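Structure at a glance
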Amino acid sequence: SFASAFRSCDSIKANLTVWGINSNVDGLQGIEHIGGSLSIRESSMQPDLTGLSNVHSIQSSLSFLNLNVVTLQGLHNVDSIGGHLNITNLNHLSNLDELSSLQYVNGDINIRDNDSLVSIAGLGNIDAEAINLLHLQNNNLLSLCSNPMVCNYLSDPGNPYTILNNDPGCNS
């Protein structure tokens, strides 16, 4: 396994993709920094992301697509993402609370097609100045979009955004 073969490894200097039905991140507990993108997709075996609990920064983008996670547990230490944040089709995920340490996203924030998502409060500490685009779409139960990051971002009329097809309280 990765954990036994690379015990002293605390940084990955390239992109990391975890992809496949039986894939998981359990062997990555020692990783603190990812020098490229982190993408986790198409996994039905991953109940949470605790294997990433020591990651503090991701140099490029962080993307989740088609996962069966019910929580983002394990991402509580991530404080910066040098690129985009994409959370798509995590249909059992109800909140983004584990991202409350996240202060910096230098790119787009795309939160879409998450059938059980009711809260994005965990994104409230992100500095809105670095965000390029805010995209909140097709999150059927998301009724409250207001948090400090969203409000600060939308306070600049020149900032591009798409907020639609969520619960009626989050459609403007």
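Refer to the preceding data block for the structure.
Residues numbered from 1 in each chain as written. Predicted model: local features only at pLDDT ≥ 70, side-chain atom pairs only at ≥ 80, totals over all residues. Heavy atoms only, no water.

Quick notes on the sheet that holds strand 1 (residues 11–12)
The five strands lie next to each other as 1-3-5-7-9, forming an open sheet whose pairing is parallel. Since the sheet does not close on itself, it has two edges, and those belong to strand 1 and strand 9 (104–105), each with one partner. Note that strand 1 and strand 3 (residues 33–34) share two bridges and pair parallel. Looking across to strand 3, one finds that S11 is bridged to H33. (Pairing = 2+ DSSP bridges. Helix = DSSP H or I, 4+ residues; strand = E, 2+ residues; numbered from the N terminus.)

Re the side chain of N86
Here N86 shows up in strand 8 (residues 85–88). With a relative accessible area of 18%, N86 lands in the buried category. What N86 contacts, discounting residues up to four positions off in sequence, is L62, S63, F64 and N110. (Buried < 20%, exposed > 50% of the residue type's maximum accessible area, 1.4 Å probe, protein only. Contact = heavy atoms within 4.5 Å.)

Re the nonpolar core
Ranked by size, the top nonpolar core spans 46 residues in total, and within it L72, L85, I87, L96, I109 and L123 carry the most contacts. Elements supplying a minimum of two residues to this core: strand 2 (16–19), strand 4 (38–43), strand 6 (62–67), strand 8, strand 10 (108–112), strand 11 (133–137) and helix 2 (148–154). Contact partners of L72, with chain neighbours within four places excluded, come to L49, I87, L90, L93, L96, E98 and L99. (Core = buried A, V, L, I, M, F, W, Y, C linked by side-chain atoms within 4.5 Å.)

What to know about the sheet that holds strand 8
Spatially, the seven strands line up as an open sheet ordered 2-4-6-8-10-11-12, and their pairing is parallel. With partners counted over all chains shown, the strands left at the sheet margins are strand 2 and strand 12 (161–164), one partner each. Put simply, the sheet's adjacent strands are angled 5° from each other on average, direction ignored. (Axes fitted to C-alpha atoms, helices over the stretch in contact; angles between N-to-C directions.)

Details of the state of the cysteines
All told, the structure shown has one disulfide when counted by the stated rule. Across a sulfur-sulfur distance of 1.3 Å, C145 and C170 are joined as a disulfide pair. Of this pair, C145 sits in the loop between strand 11 and helix 2 while C170 is found in the segment after strand 12, placing the two residues 25 residues apart along the sequence. C170 shares its class with C145; the two are buried. As a non-bridged cysteine, C151 has C145 as the owner of its nearest cysteine sulfur, 9.6 Å distant. (Disulfide = S-S within 2.5 Å.)

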